[in-house]
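# Descriptive analysis of the structure
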Amino acid sequence: MPKSPADLLSDLLPFEERVFPRATLEEIIARQEEMPEPLLSSLGEILANPRSGKWEDTVFPIFVVYLLAQFRETRALDPLTELLALPDDLPSHLFGDMISEGMGNVLASLHDGDEGPLRRLIENPNASEHVRGGCVPSAYAALVANELIPAAAVESYFLELLDSRLERVPGLVWDSLSLTAATMGFASLLPAIVRAFEEGLCNPGYCSLEEIEDLMEWGGEEGWQESAGLIDDLIGELETWHCFQPTLMPRLKVPTAGLRARPAAPPKPVVGRNDPCPCGSGKKFKKCCGDEAAAAAVARAARAEAEAGTLHLRIELAGSVPLIWRELLVPGTFTLADLHRAIQRVMPWDNDHVHGFSQEGSAVAFPAAASPIDSLEDEYRIFLHQFVGTRHPLVYTYDFGDSWEHLITVSRGNESIKRNALPACTGGENSAPPENTGGIWRYNHMIAALEDDDREDCGDILEWLGDDFDPCQFDRAAADQALSVLRKRGD
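Residues numbered from 1 in each chain as written. Predicted model: local features only at pLDDT ≥ 70, side-chain atom pairs only at ≥ 80, totals over all residues. Heavy atoms only, no water.

## Things to note about the overall build of the protein chain
The cut-off we apply is this: Only runs of H or I of at least four residues qualify as helices and only runs of E of at least two qualify as strands under DSSP, and these elements are numbered from the N terminus. A 1.4 Å probe rolled over the protein chains alone gives each residue an accessible area, and that area as a share of the maximum for its type sets the label: buried under 20%, exposed over 50%, partly exposed in between. Should any heavy atoms of two residues lie within 4.5 Å, those residues are considered in contact. Note on areas: Shrake-Rupley, 1.4 Å probe, and residue coverage restricted to the protein chains presented here.
A tally of regular secondary structure across the protein chain gives 21 helices and 8 strands. Taken over 491 residues, the protein chain has a buried fraction of 47%. Counted over contacts in the protein chain with a minimum sequence separation of 6, partners at least 24 positions apart contribute 71%. Summed over its atoms, the accessible surface of the protein chain is roughly 23500 Å², and 50% of this surface lies on carbon and sulfur atoms.

## Considering the packing of aromatic side chains
For the record, the criterion: Centres within 6.5 Å are what make two rings of Phe, Tyr or Trp a pair, Trp counting through its six-membered ring; a difference in plane orientation under 30 degrees is then read as stacked, over 60 as edge-to-face, and the rest as tilted.
Tallied over the entire structure, the rule returns 8 aromatic pairs. Centre to centre, the rings of Y140 and F158 are 5.8 Å apart; their planes meet at 80 degrees, and the pair counts as edge-to-face. Of this pair, Y140 sits in helix α11 (residues 136-145) while F158 sits in helix α12 (residues 151-165), and the two are 18 residues apart along the sequence. Each member of the pair Y140 and F158 is classed as buried. Pairwise contacts between aromatic rings join Y140, Y157, F158 and F186 into one cluster.

## Things to note about a negative patch on the surface
The test is simple: Each patch groups residues whose relative accessible area exceeds 30% and which form no salt bridge, using 9 Å between like charges and 5 Å between nonpolar side chains of Val, Leu, Ile, Met, Phe, Trp and Tyr. The salt bridge definition used is simple: a Lys or Arg side-chain nitrogen within 4 Å of an Asp or Glu carboxyl oxygen. Charge assignment: positive for Lys and Arg, negative for Asp and Glu; neither His nor the chain ends contribute. Where a charge lies is defined by one atom per residue type: Lys uses NZ, Arg uses CZ, Asp uses CG and Glu uses CD.
Residues D97, E101, D350 and D352 make up a contiguous surface patch of negative charge. With respect to the secondary-structure elements, D97 resides in the loop between α6 (90-95) and α7 (98-101).

## Some details on the environment of W404
Its location among the elements puts W404 in strand β7 (residues 404-413). Taking the C-alpha atoms as reference, W404 lies 9.7 Å from E435; in sequence the two are 31 residues apart. Residues in contact with W404, not counting those within four places in the same chain, are L317, W349, Y396, T397, Y398, D399, P433, P434, T437, G439, I440 and Y443.

## Examining the nonpolar core
Going by this rule: To form a nonpolar core, buried Ala, Val, Leu, Ile, Met, Phe, Trp, Tyr and Cys residues must be joined to one another through side-chain atoms within 4.5 Å.
L80, F95, V106 and F158 are the most contacted members of the largest nonpolar core, which totals 85 residues. Among the elements that take part in this core, helix α4 (residues 60-70) stands out by supplying 9 residues, more than any other. Apart from the residues lying within four places of it in its own chain, the contact partners of F158 are P137, Y140, L177, T180, A181, F186 and L189. Counting residues in each nonpolar core, the second largest holds 38 residues, with V330, A342, F387 and W404 among its members.

## Description of the packing of helix α3 (residues 36-48) against α4
Keep this limit in mind: The angle between two axes is taken between their N-to-C directions and runs from 0 to 180 degrees, where each axis is a line fitted to C-alpha atoms and a helix contributes only its stretch in contact. Any angle that is under 35 degrees is reported as roughly parallel, and any over 145 degrees as roughly antiparallel; angles of 65 to 115 degrees are reported as roughly perpendicular and all others as oblique. Crossing handedness: left-handed means the near helix sits turned counterclockwise from the far one by under a right angle, and right-handed means the same turn made clockwise. Only Asp, Glu, Lys and Arg are considered charged, only Ala, Val, Leu, Ile, Met, Phe, Trp, Tyr, Cys and Pro nonpolar, and every remaining residue, Gly among them, polar.
At a minimum axis separation of 10 Å, α3 and α4 run at an interaxial angle of 135 degrees. Taken as axis vectors, α3 and α4 run oblique relative to one another. For the element pair α3 and α4, the recorded crossing hand is left-handed. Residues P36, L39, L40, S42, L43 and I46 of α3 pack against F60, P61, V64, V65, L67 and L68 of α4. The residue makeup of the contact of α3 with α4, split by class, is 11 nonpolar, 1 polar and no charged.

## Comments concerning the side chain of D402
This is how it is decided: Any N or O atom pair separated by 3.5 Å or less is treated as a polar contact, with the protein-specific requirement of one donor-capable and one acceptor-capable atom, and with residues adjacent in sequence counted only for side-chain atom pairs.
If you trace the backbone, D402 turns up in the loop between β6 (394-398) and β7. Within the structure, D402 has its side chain in polar contact with the backbone nitrogen of N436 (distance 3.4 Å). Within polar-contact distance, the side chain of D402 engages the backbone nitrogen of G438 at 3.2 Å.

## Some remarks on the pattern of salt bridges
A full pass over the atoms with the stated rule returns 23 salt bridges. Between E129 and R132 there is a salt bridge, with its nearest N and O atoms 3.1 Å apart. Highlighted residues: E129 and R132, both in helix α10 (residues 129-134), separated by 3 residues, approximately one helical turn. A salt bridge links E211 to R341; the nearest nitrogen and oxygen atoms lie 2.8 Å apart.

## Regarding the pairing of strand β3 (residues 355-359)
In terms of burial, β3 is largely enclosed, as 5 of its 5 residues are buried. Here β3 shows two buried faces, one formed by H355, F357 and Q359 and the other by G356 and S358.

## Some words on the environment of S128
Following the sequence through the fold, S128 ends up in the loop between α9 (116-122) and α10. On the accessibility criterion, S128 (17% relative accessible area) is buried. Each C-alpha atom, one on S128 and one on S92, is 9.0 Å from the other, the two residues being 36 residues apart in sequence. Within the structure, the side chain of S128 is placed 3.1 Å from the backbone nitrogen of H130, a separation counted as a polar contact.

## Quick word on unusual backbone geometry
Going from V321 to P322, the amide bond is cis rather than trans, its omega being -5 degrees. Residue P348 is bonded to the preceding M347 through a cis peptide linkage, with omega at -5 degrees. When you line up the elements, P348 lands in the loop between α18 (336-346) and β3. For E147, which is not a glycine, the phi torsion comes out positive at approximately 55 degrees. Since its relative accessible area comes to 74%, E147 is described here as exposed. In this structure, S403 takes a positive phi of about 55 degrees despite not being glycine. As for its position among the elements, S403 is in the loop between β6 and β7.

Here it is in structure tokens:
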């Protein structure tokens, strides 16, 4: 006797690492006509009791929303956006990285022609910044890419958000919205985005204004529609997730207990260029102290650069055999946010995961929207020259699932190089591992296995790494060119 729909869903609740429930999902999909009501009921149960221990250590909420998306069950959009609007870390607790890596496409797949749920979510100041910025702009991108809503309508709404509908408080929603608009080539939004940067609403460590201007000039990012698809093959998409891949070697767990937080600087008030000057003169800020402030900022930057000079960085991927390393020259005014962007380009990584900085086991900084410790300093407020000559290396960790740890030694550089030629890549060896390969120990095992012609799984490993992947390949000139977007204009 075939299982009932409720029993099929119950089979998805337990989670066994490295085991993908393909047979159960295939049966659910084959019996699509029977499943919408039980799936909607499960979504309602999650919404009614999101803190239930029933959802601990399970992928069940993700399976539920992906199935509803593949079935185009538009009735799920309202309860799902209500769930995503819950406060605290509840959405991240239930969906994890999926919020920024697939939820936008799920929301677009559930779209019934009414933008209300999406608008209420992104305009909700009480919702998580990770949700508002992580999935709503990408949902709109998917709607445009699949011709479910006109691009002009989205461009107009994004402009409303930037002009008046968003609270003028710095946050991930400003960063993501600006970058998505640039990626889609919404050139009419550039003045509003420039104003947002001038008011300090956008984090230059997330995406610089220069990068956004370049994207606008190019008419958007070529091929951005490729990652903005609807959910049509959830099995093909989910079974490639790292948690369902067979392990080739035991994973090491990086302890996070006992991390010491450094006190955060008090928030600075944001004064717009056209706001009344806080000095009380009655003039606009740009006509009063704004000019003085700008001049003072330039002077401070010049002094800081003169004091800091050029820095030499040695970056090593911890545990890699043979050693994967890069050497860079950077200006002394480089922040940790600048360093993050530079490492992403010269390894290179895809910048799809959370990152953070630590030293001697103590957390130093995280991106503002991703910090697990509220009192940590924001990474774009910490300058790299503070780590010159320290006894222990600065550690940059990328992707806390795979835990790619980069050991960074900072020293003074003697080179006299024009500011607009920095940062520069001066050396390196070996290719960085492909994303989502399970961490350095699993990657090392895969590379060693390829040298054993008698192994039966060599073909599978090659397929996973990519037929054209060369672990010994490194092109210094290409890495240096990749850094060019971070170089300041002018002499």
